[in-house]
Amino acid sequence: MENQPDKTDADKADHPLLAVFPVQNLSGIPAPLQEVRETLINLLQQQGFAVLDDKTLETFMTAHRVRNVGGIDGGTAQALKQETGAEATLITSLELYGEKYPPKISLTCRLVTASDPPLIRWIDNVGMTGDESPGLLGLGLIGQVDALRDKALQTLMASLQESMAGEQEIPGTKNKFRPKLAFRSDTLAQEKRKYGIVVLPFFNLSDRKNAGEIIVLHFVKELQNLPNFQVVEPGVVFKELLRFRVIMDDGISLPNAAAIFSDLNADLILSGKILDYQDALGPWGSPYVDFSTVMFFNNSREMVWASKSYNKGSDGVFFFDVGRVSTANDVASQMARSVAEMIVN
Amino acid sequence: MWLKKIILSVILALLTACAASPLSTYHDTEMDFGSIQTVAVLPFANLTGHTRVEERVRDVFMNMLLATASLYVIPPGEVARGISRVQLVDSAAPSAEEVQKLGVALSADAVISGVVREYGEVRSGTAASNVISIGLQLMEVQTGRVIWSGSTTKGGINMQDRLLGGGGQPMNDITEEAVLDLIHQLFNS
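Treat the numbers as computed from the prediction; the structure is a model and nothing was measured.

Our next topic: the overall build of chain B. Along chain B, the regular secondary structure elements total 6 helices and 7 strands. Looking at chain B as a whole, 48% of its 189 residues are labelled buried. Contacts in chain B between residues far apart in sequence, at least 24 positions, make up 68% of those at least 6 positions apart. Accessible surface, chain B: about 9,800 Å² in total, of which carbon and sulfur atoms supply 56%.

Pasting the structure below:
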C-alpha cells in the first residue's frame, strides 16, 4: 500500500497552487481588469486548481515591490515559492477590450514556474469579436461584452487544461500569413538544436499604444510552442533591460546584444519594429498588422534573420467572409507563427 | 513624303518614351562594387507630408537588400549607435568626412543615405492612386565619395485608374516595387 501513489499528491502535481497576478492592461483604455481576474480564478477553481488567496498575494507583492504584473523575474519567482508555496504564476495581459457593438476582447495568458529562472510552461492567446460567428439567422451573435469575456476565458482555460494533460495541439500556418520578405543566414541553417531565445520589446512606430509589448507576447507564444526554442520569460528580460539601462534607439546595438547574450545565457535575440497594429473600429473594416523582425545569433554576433510581414484580416477572403480573421490578435498570432516556422525551417 | 515624316516622328517619340531615363542613375565606373560586403543604411529623409514614412521605406529597403544575400546590412540599432558616436548632424546628407568616420565606427564598407520624396495618395480629378518616389546614394567609406546614385517613382494615376477607378495598388506593393527597382539599378551598375 505504501508504494502506491498518494491520490492527493498526484492531484497536487497535476493542479499546483497558482498565484494569479493582477491583469496587465495593454489595451490602452480603461477596462474591468478585476472582473477578468475574478472570472479567471473561478474557472481555475472549477478545473481543480488551488489559487493563492488575494491577501497573501497582495502582502507578497507589497513586500517585494512587484510593480510589473506582465512578467516575473527569477528572484521574485523563487521568493514567491518560498514565502507563499505557490508553484506557478498565471500572468494575464489584456490586449483589447471593446464594449460597443460588436464587443471585442483579446487576451494572452501564460503559466510560469515559480523557480529561478522562471520557465514558461504554457502560453496561449485568444481574440474574439461578437459578430465573428453569426451562424444561422444571426443566432451566434454575441451582443454583450460579459458573455464574450466569459467565452474567451473559457477558451483559454480549456487550452490550459489540454496543456496540463499533454493534449495541446499546435495549429498549422497559412501561406497568406507568411512574411513578404525574408532573409535567413546559412549560419543558422548549419546548427540544429534547441535554442534559448530572448524576445525584446519591438520598436513601436504604430498608433496603437503598447503594440511593442503586445507583439512580443505573440512571438513568445509561437516560439515557445515550437520544440526548437526555450523562450526566456519576458519578466526576466524586462529586469535585465532595466539593470543594463538599455535604451533601444531604433533597435538593439551589438554591445547591448552581447550583454544580454552573456547574462541570460541565450543563443538568439529576436527584436523588430511594429509599424501598424490596428483592430477594426466597428462592424466593418478589417484588422491590419505590419511588422518587421531581426534576429541576432550569439555564435556569430550577426543578424541571421530578417523579415517583413503585413496582413489584413480580410486577406484571401472572397466569398461570404469565409476565412476572415476578426481581430488583430489573431492576425498577428498567425503572422508570428509563420515567422517562427520559417526561422526553424 | 510629309506622311512618312509624321510616322517616323511618332515612332521616334514612342521609342523615346519607352527608354529608361539615363539621368535617374549614376554609377562610378572606376569603382569595384564587388569589394563592398557590408553596408550601413542611414535613416532616410522625409520630404512628404506624412509622418514616419521614411522608417517604413528604410525598413523595406533593408529587408530587401539583405534578402538578396549579396550584402550584409548592419542592424538599425547598431547604425543608430554609430550615428550617436560620430555625432552625425544630418543623417540624410552626411559629409564625406562623416561617412568616413561612420564607416570606421561601424566597420562598414559603404554607407547608404536616402530621401523619400513622395508617399501616399495622389488625386487628379475624380481619380486617385498611390505613389512613391525615392532617391538613394551609396557612398564609399574610404574616400567618402558617392559611387552610386539612383531614384525611382512608382505608382501614380494611370489610364485604368482614370477609367475604372479603384484607387491603384496598395502602398506596400508599390513600395516593394520601387525598392526592387532601386536594387536592380544598384546591382546592374
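Residues and elements named next belong to chain A. Within the element layout of this structure, glycine 85 appears in the loop between α4 (74-84) and β3 (88-98). In this structure, the C-alpha to C-alpha distance between glycine 85 and leucine 52, residues 33 residues apart in sequence, is 8.6 Å. When neighbours within four sequence positions are excluded, glycine 85 is seen to be in contact with Leu17 and Leu80.

Let us look at the confidence of the model for chain A. Reading fine detail from the predicted coordinates is not recommended where pLDDT is low. Residues and elements named next belong to chain A. In the predicted model, chain A carries a mean pLDDT of 88, and 95% of its residues have values of at least 70. Here helix α1 (residues 7-14) stands out as the element of chain A with the lowest mean pLDDT, 50, in contrast to strand β2 (residues 24-25), whose mean of 96 is the highest. Below a pLDDT of 50 lies the segment residues 1-10, which in the model reaches 0 contacts outside its immediate sequence neighbourhood of four places, other chains included.

Attention shifts here to the confidence of the model for chain B. Counting all residues, the mean pLDDT for chain B is 86, and 88% of those residues have values of 70 or more. Throughout residues 16-20 of chain B the model reports pLDDT below 50, and contacts reaching past four residues in sequence, or to other chains, amount to 0 contacts.

Right, let's get into helix α6 (residues 171-188) of chain B. For α6 of chain B, built from 18 residues, the straight-helix expectation of 26 Å at 1.5 Å per residue is met to within 8% by its first-to-last C-alpha distance of 26 Å. Taken residue by residue, α6 of chain B has Met171, Asn172, Ile174, Thr175, Glu176, Ala178, Val179, Leu182, Ile183, Gln185 and Leu186 of chain B as its buried positions.

Let's shift gears to the domain arrangement of chain A. All names here are of chain A. For chain A, the assigned domains read domain 1 (14-164) and domain 2 (175-344). Centre-to-centre, using C-alpha coordinates, domain 1 lies 22 Å away from domain 2. Taken together, the contacts link 33 residues of domain 1 with 30 residues of domain 2. Summing both partners gives a buried area of about 2,300 Å² for domain 1 against domain 2, and 54% of it is carried by carbon and sulfur. It is Leu26, Glu95 and Ile120 that lose the most area in domain 1 upon contact with domain 2, and together they represent 26% of the buried surface on that side.

Thresholds, definitions, all that
- Residues numbered from 1 in each chain as written.
- Chains lettered and ligands numbered in written order.
- Predicted model: local features only at pLDDT ≥ 70, side-chain atom pairs only at ≥ 80, totals over all residues.
- Heavy atoms only, no water.
- Helix = DSSP H or I, 4+ residues; strand = E, 2+ residues; numbered from the N terminus.
- Buried < 20%, exposed > 50% of the residue type's maximum accessible area, 1.4 Å probe, protein only.
- Contact = heavy atoms within 4.5 Å.
- Areas by Shrake-Rupley, 256 points an atom, 1.4 Å probe, with all protein chains shown as cover.
- pLDDT = per-residue confidence, 0-100.
- Expected span 1.5 Å × (residues − 1).
- Domains from an automatic or database assignment.
- Buried area = accessible area lost by both parts, 1.4 Å probe.

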